[in-house]
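What follows is each chain in one-letter form.
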Amino acid sequence: MIRYTLACEAGHGFESWFPSSDSYDAQAARGLVTCPVCGSARVGKSMMAPSVARTDRGPRGAAAEASSEPALPVPSVASTPELAASEPEQRLRALMQALRAEVVRNADDVGARFPEEARRIHYGEVETRAIYGEASLDEARALIDEGIDVAPLPPALDDRH
């Protein structure tokens, strides 16, 4: 999965996830990538800082390695009023946090065992249940290639800084 920072012709900025760069290109060419603020299909990629993989397996573990978080710290909205999010963006962020809370509340955290446990569930080796955990980008791609449905979990607000 790859996360792009996008902007529409009106200058509204937003982010979106795609399975690959080719997938983004194909969806954008068909007009399927639209601005969540104004609905414009005239959308393009914004400049992004590259993701730098961590060498340690700290508290954020492989999930941090698989994300495309900016390599430099991002100032918080509270400390930078000129970067305050628009009302639609605030609603979107609140929905993403609600989604995360719902997953955490109703699924088992299997941590770094996520790829193995997802396969065990998919192949009927254990009872079906909702799980979440950590996987590298390569592990997530391998699961998708096997036909196992996976999706990135929105980061917790305190995971972004």
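Residues numbered from 1 in each chain as written. Predicted model: local features only at pLDDT ≥ 70, side-chain atom pairs only at ≥ 80, totals over all residues. Heavy atoms only, no water.

With respect to the helices and strands, the residue D109 is situated in strand β4 (residues 108-111). On a C-alpha basis, the gap between D109 and E134 in space is 8.9 Å, while along the polypeptide they are 25 residues apart. The residues contacting D109, other than those within four sequence positions of it, are Y132 and G133. A polar contact is formed between the side chain of D109 and the backbone nitrogen of G111, at a distance of 2.9 Å. (Helix = DSSP H or I, 4+ residues; strand = E, 2+ residues; numbered from the N terminus. Contact = heavy atoms within 4.5 Å. Polar contact = N/O pair within 3.5 Å; in protein donor to acceptor, adjacent residues only side chain to side chain.)

Below, the discussion takes up the nonpolar core. In globular proteins that are soluble, nonpolar side chains generally tend to be buried together. Counting 9 residues, the largest nonpolar core is built from Y4, L6, C8, F14, F18, Y24, V33, C35 and V43. Of the residues forming this core, the biggest block, 3 residues, is contributed by strand β1 (residues 2-8). If you look at the next biggest cluster of nonpolar residues, it comprises 8 residues, including F114, A135, L143 and I148. (Core = buried A, V, L, I, M, F, W, Y, C linked by side-chain atoms within 4.5 Å. Buried < 20%, exposed > 50% of the residue type's maximum accessible area, 1.4 Å probe, protein only.)

With 3 bridges connecting them, β4 and strand β5 (residues 131-133) associate as parallel partners. Counted as the bridge partner of G111 is G133 from β5. (Pairing = 2+ DSSP bridges.)

All right, on to the packing of aromatic side chains then. For the coordinates displayed, the defined rule picks out 3 aromatic pairs. Members of the aromatic cluster, joined through ring pairs, are Y4, F18 and Y24. (Phe/Tyr/Trp six-rings, centres within 6.5 Å; stacked < 30°, edge-to-face > 60°.)

What follows deals with the environment of S23. Relative to the helices and strands, S23 resides in helix α1 (residues 21-29). Residue S23 is classed as buried on the basis of its relative accessible area, which comes to 16%. Sequence separation of S23 and M1 is 22 residues, and the distance between their C-alpha atoms is 10.0 Å.

Of all residues in the chain, 73% have pLDDT values of 70 or greater, and the mean over the chain is 77. Per-element confidence in the chain ranges from a low mean pLDDT of 42 for helix α2 (residues 61-66) to a high of 95 for helix α4 (residues 114-122). Low pLDDT, under 50, characterises residues 56-83; the predicted model gives this stretch 43 contacts beyond four residues in sequence or across chains. (pLDDT = per-residue confidence, 0-100.)

We now examine the packing of α4 against helix α5 (residues 137-145). The interhelical angle for the contact between α4 and α5, taken along N-to-C directions, is 10°, at an axis separation of 10 Å. What the angle tells us is that α4 and α5 run roughly parallel. When α4 is examined against α5, the residues F114, P115, A118 and R119 are found in contact with a partner set consisting of E139, A142 and L143. Among the residues making up the contact of α4 with α5, the classes are represented as 5 nonpolar, no polar and 2 charged. (Axes fitted to C-alpha atoms, helices over the stretch in contact; angles between N-to-C directions. Parallel < 35°, antiparallel > 145°, perpendicular 65-115°, else oblique. Nonpolar A, V, L, I, M, F, W, Y, C, P; charged D, E, K, R; others polar.)

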